[in-house]
Amino acid sequence: MAQRQTTDVPGRREAVDRFTSDSRRRALKARRLRRGGLALTLVVPAALAYVLFVVRPIFLTIQYSFYDWDGVTPATWVGADNYAALLRNPELSGSILNAFELIIFFSFVPVALGLFTANTIRGFATSRLAVVARTVLFLPQIIPLVAAGIMWSWQLATNGLVNQVLRLIGLDGVARAWLGDFDTALPAVGVIGAWVLFGLCMLLLLAGMTKIDPALYEAARIDGAGPFREFFSITLPSLRQEVVVCVTVTVIAALASFDIVYIATQGGPGNSTLVPGLEIYYLAFFQREVGQASALAVALMVLVLAVVLPLQWINREGDS
Amino acid sequence: MGALTVMTACSSPGGTAPDADETAPSSAATNADGAPTCGTEPVTLKGYFETGFPLATDLTEEFTAQYPNVTFDIREDQFAVLTQNAPRVLADDPPDLMRLPQVSELAEDGLLLNLDPYAESFGWDAWPASQLEQMRVDDEGRRGDGPLYAMGLNFSMTGVFYNKDLAAQIGMTTPPATLAELDSYLQAAKDAGLTPIAQFNGGATGGFAFPLQGLMASYGDPAEINSWIYQQPDSTIDTPANLEAAEHLASWVDAGYFAEDVNSMDYSTMMSRFIGGESVFIFNGDWESGNLDTQMPGNVGFFLVPPVEEGGAVGAMSAPLTFGISAYAENPDCAAFFLDWVATNEEARTIAVEIGGSHPMGPADAFMPEVDADTVTAQTLEAGALIGEQDGAMDFIANATGSIYAKSWTPNLQKLFAGEQDPAGLLSSVQADYDAEIGG
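Cut-offs applied
- Residues numbered from 1 in each chain as written.
- Chains lettered and ligands numbered in written order.
- Predicted model: local features only at pLDDT ≥ 70, side-chain atom pairs only at ≥ 80, totals over all residues.
- Heavy atoms only, no water.
- Helix = DSSP H or I, 4+ residues; strand = E, 2+ residues; numbered from the N terminus.
- Rg over C-alpha atoms; globule rule 2.2 N^0.38 Å.
- Buried < 20%, exposed > 50% of the residue type's maximum accessible area, 1.4 Å probe, protein only.
- Contact = heavy atoms within 4.5 Å.
- Areas by Shrake-Rupley, 256 points an atom, 1.4 Å probe, with all protein chains shown as cover.
- Lys, Arg positive; Asp, Glu negative; His and termini not counted.
- Charge placed at Lys NZ, Arg CZ, Asp CG, Glu CD.
- pLDDT = per-residue confidence, 0-100.
- Disulfide = S-S within 2.5 Å.
- Buried area = accessible area lost by both parts, 1.4 Å probe.
- Salt bridge = Lys/Arg side-chain N within 4 Å of Asp/Glu carboxyl O.
- Polar contact = N/O pair within 3.5 Å; in protein donor to acceptor, adjacent residues only side chain to side chain.
- Nonpolar A, V, L, I, M, F, W, Y, C, P; charged D, E, K, R; others polar.
- Pairing = 2+ DSSP bridges.
- Right-handed = clockwise from strand over helix to strand, strands pointing away.
- Domains from an automatic or database assignment.
- Core = buried A, V, L, I, M, F, W, Y, C linked by side-chain atoms within 4.5 Å.

**Concerning the overall build of chain A**
Inference 1: When helices and strands are tallied, chain A shows 14 helices and two strands.
Inference 2: In terms of overall dimensions, chain A is more spread out than a globule: its C-alpha atoms have a radius of gyration of 29 Å, far above the 20 Å expected for 320 residues.
Inference 3: Counting only C-alpha atoms and orienting by the principal axes, one finds that chain A spans roughly 105 × 75 × 30 Å.
Inference 4: In chain A, buried positions account for 40% of the 320 residues.
Inference 5: Sequence-distant contacts in chain A: of pairs separated by 6 or more residues, those separated by 24 or more amount to 67%.
Inference 6: Carbon and sulfur atoms make up 68% of the accessible area of chain A, which amounts to about 17,800 Å² in all.
Inference 7: Placing the 25 positive and 22 negative side-chain charges of chain A at their respective mean positions leaves the two points 18 Å apart.

Okay, structure coming up:
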């Protein structure tokens, strides 16, 4: 209406135009603000919970890590002593090394096996067998870790299934208490983790494969590519994002492992399977060294970030 | 929210501990001797007990039957949970009676009631001193001397259990009188194709500490081991006698007397193997006596780790089943009366033996219930009396410091079995960890 009134007076028209565009902009801004206000209101409960239960504990943990504290009586400030102990004490640094060794089993093995299996299943994707295979292989993922740990510690016991099978095929000499042997305890724990995480990786990778354009495969086949060439030139590059997700999730699972180790070996024999998660628990709740436990927890968090952030960066780099 | 985070971040963690009430018994209800009682008014005692051990609960039921004005409000947890919660519970939700883990830190933090006034008025100080020694803590947190901070419901004792049927197969009809004789039976068991010893030593539970400490008592003086456990100045575990003991244990490992998988064996696996007849011997404590009498009636024997030479001194790990009263408890007098009743009442002492399987606390000449001579309970009680006579009772070497068991004994004993640690190295590394912990 304002515009129609001003059609015959150019000077005013500009002014009014400016006025109307100003008001429109203001209205838009107000609407955006209103909408933003609504969005903020919706975010507040979650943000509050996040700050209360994630951010605050992280800051408290960092604070505690500079104290010598038993959790009850007044604490004493010790500066960076707790962090120095991480380097000095072979038991603490050993637990971190063990966690890195677990990455091989928790991360590399499931991702490699997952790629292989997913690629195989893709070959008969439409048949019923694929559904069965997918379900069976994913099952370990829905079993509680504690149950998986108990089941595997039975299977790995002296008279467990693993040793029975070994004896059946004449390998009596190899049979042993897998979780009680210094050389095999950590790998045995790793196998449990690999078994649990394999299904997850396989499912993620399989899902990634379904979005690859079948025309690519047809073109490759016309060009004379065999299954290996297809896998390395088409499947693997297309799955980069899924692989990065798998590696991220499983590396975190390895570095922050607790449940499986706690159930299967409790860190024994002779600290050979001690991991940071377990050591934090022992320090905080048995030795009541909350400060030392917090320092190890902070170090573990930094380590996880140091491993995982570059992975994310690689992922984003590849996208752009 | 930010302000809250900042505020909590500014103050150092752990407030100042509230002042404990004066600890002298001051209740109006006392008996003719002036010792406190539970009175006649209705009282509810708050208890915090250990799951899976019915003794404490059975005693409270009998107590309520005899003193109907007293009822109990009992909460139970696993021992590990109890250990973790102890300081917090004693301060924030103070129980009148609580099953206690190692007492020295709790006493040092002022969380436990000093029971000395009760000991005096009830006459506990007239009992054999060794019964209460482990529960005394001095003002530097060392045990063995100082005010009394806890009381036992009974005291347990360790030694060797054996399967009588299997023992007969290897020609053992009476317990060995010397270590050499025990060695020969272990060898005979191995030659017969039996597993001589199934001993838990897996995970975080180094059960090899049981045979090791038994051997230490045979080679050396239990009093020296106690002063090490009580953190007395200049004490060391790395002594020639203890080295002999550790070497003897290592010789059993080398000879293959232990089950192959001890480093992955937990306590319950050991028990099920022994009960299932898959092991001739186990090193364990009399808390299993009642259970074994039920599971394998008439087929279990018990002996103390034998001396080096016949008739020599014997020793055993022996520890009271410790219960304490919070420094902030509402009914400390009645709780103390209950603890005294457990040690002196005939019904209570019968329950302590029949349900607990261990020797009751109290004067040496106090009432003892009749026990069938064929049971292993009778044998453990008899061995307990012998230990009392010879003053051979020791606390458990695992109790010397808060983390010496999980962080030092267990990994080192597991290494000893795997051949990754030698006896001398075992003792010196445990001593190093001990020094690091109590020095720092």
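**So, the confidence of the model for chain B**
All names here are of chain B.
Inference 1: Averaged over all residues, the pLDDT of chain B equals 87, while 92% of them reach at least 70.
Inference 2: Across residues 1-10, confidence stays below pLDDT 50; counting only partners more than four residues off in sequence or on other chains, it has 10 contacts.
Inference 3: For residues 16-28, every residue scores under 50 in pLDDT, and the model assigns this stretch 17 contacts once sequence neighbours within four places are set aside.

**Some thoughts on the state of the cysteines**
Residues and elements named next belong to chain B.
Inference 1: In total, this model carries one disulfide over all chains according to the counting rule given.
Inference 2: Covalently, C38 is tied to C334 through a disulfide, its sulfur atoms 1.9 Å apart. Across the disulfide from C38 to C334, rotation about the S-S bond amounts to roughly 95 degrees, and the bridge is consequently right-handed. Of this pair, C38 sits in the loop between α1 (2-10) and β1 (43-50) while C334 sits in helix α14 (residues 332-344), placing them 296 residues apart in sequence.

**Some points on the interface of chain B and chain A**
Inference 1: Facing the 32 residues of chain B at the interface are 35 residues of chain A.
Inference 2: Overall, the association of chain B and chain A removes approximately 2,900 Å² of surface from exposure, summing both partners, and the carbon and sulfur fraction of that is 59%.
Inference 3: The salt bridge involving E91 of chain A is made with K407 of chain B; its shortest N-O contact spans 3.2 Å.
Inference 4: Applying the counting criterion to the chain B and chain A interface returns five residue pairs in polar contact (both at pLDDT 80 or more).
Inference 5: Breaking the side of chain B that touches chain A down by element, the ones donating at least two residues are α1, α3 (79-92) and α17 (404-418) of chain B.
Inference 6: In terms of residue count, α3 of chain B provides more of the side of chain B that touches chain A than any other element does, six residues in total.
Inference 7: A per-class count over the side of chain B that touches chain A returns 10 nonpolar, 14 polar and eight charged.

**Topic: the pairing of strand β2 (residues 70-77) of chain B**
Residue and element names in this part refer to chain B.
Inference 1: Across eight bridges, β1 lies against β2 in parallel orientation. When the bridges of β2 are listed, F49 appears paired with E76.
Inference 2: As a crossover connection, the stretch from β1 through helix α2 (residues 55-66) into β2 is right-handed.

**A short note on the confidence of the model for chain A**
Parts of the model with low pLDDT should not have their predicted coordinates read in detail.
Inference 1: Averaged over chain A, the pLDDT score is 86; the fraction of residues at 70 or greater is 92%.
Inference 2: For residues 1-9 of chain A, every residue scores under 50 in pLDDT, and the model assigns this stretch four contacts once sequence neighbours within four places are set aside.

**So, the domain arrangement of chain B**
All names here are of chain B.
Inference 1: For chain B, the assigned domains are domain 1 (39-155 + 320-378) and domain 2 (156-317 + 388-439).
Inference 2: Taken together, the contact pairs 18 residues of domain 1 with 27 residues of domain 2.
Inference 3: With both sides pooled, the region where domain 1 packs onto domain 2 buries about 1,600 Å², and carbon together with sulfur makes up 43% of that total.
Inference 4: Looking at the side of domain 1 facing domain 2, the largest losses of area belong to R142, R143 and V376, adding up to 38% of the total buried there.

**Focus on unusual backbone geometry**
Inference 1: Even without glycine at this site, N271 of chain A takes up a positive phi of about 65 degrees.
Inference 2: Looking at where N271 of chain A falls in the secondary structure, it is placed in the loop between α12 (259-264) and α13 (276-285).
Inference 3: Classification of N271 of chain A as partly exposed rests on a relative accessible area of 21%.
Inference 4: Residues other than glycine seldom take positive phi values, yet Q231 of chain B does so here, at roughly 60 degrees.

**Observations concerning the nonpolar core**
The tendency in soluble globular proteins is for nonpolar side chains to be buried as a group.
Inference 1: With 74 residues, the main nonpolar core has W228, W252, F281, I397 and W409 of chain B as its most contacted residues.
Inference 2: In this structure, I397 of chain B is in contact with A209, L212, Q213, M216, I225, W228, I229, I237, I404 and W409 of chain B, ignoring residues within four places of it in sequence.
Inference 3: Counting 64 residues, the second-largest nonpolar core is a separate cluster that includes A148, L186, V251 and A284 of chain A.

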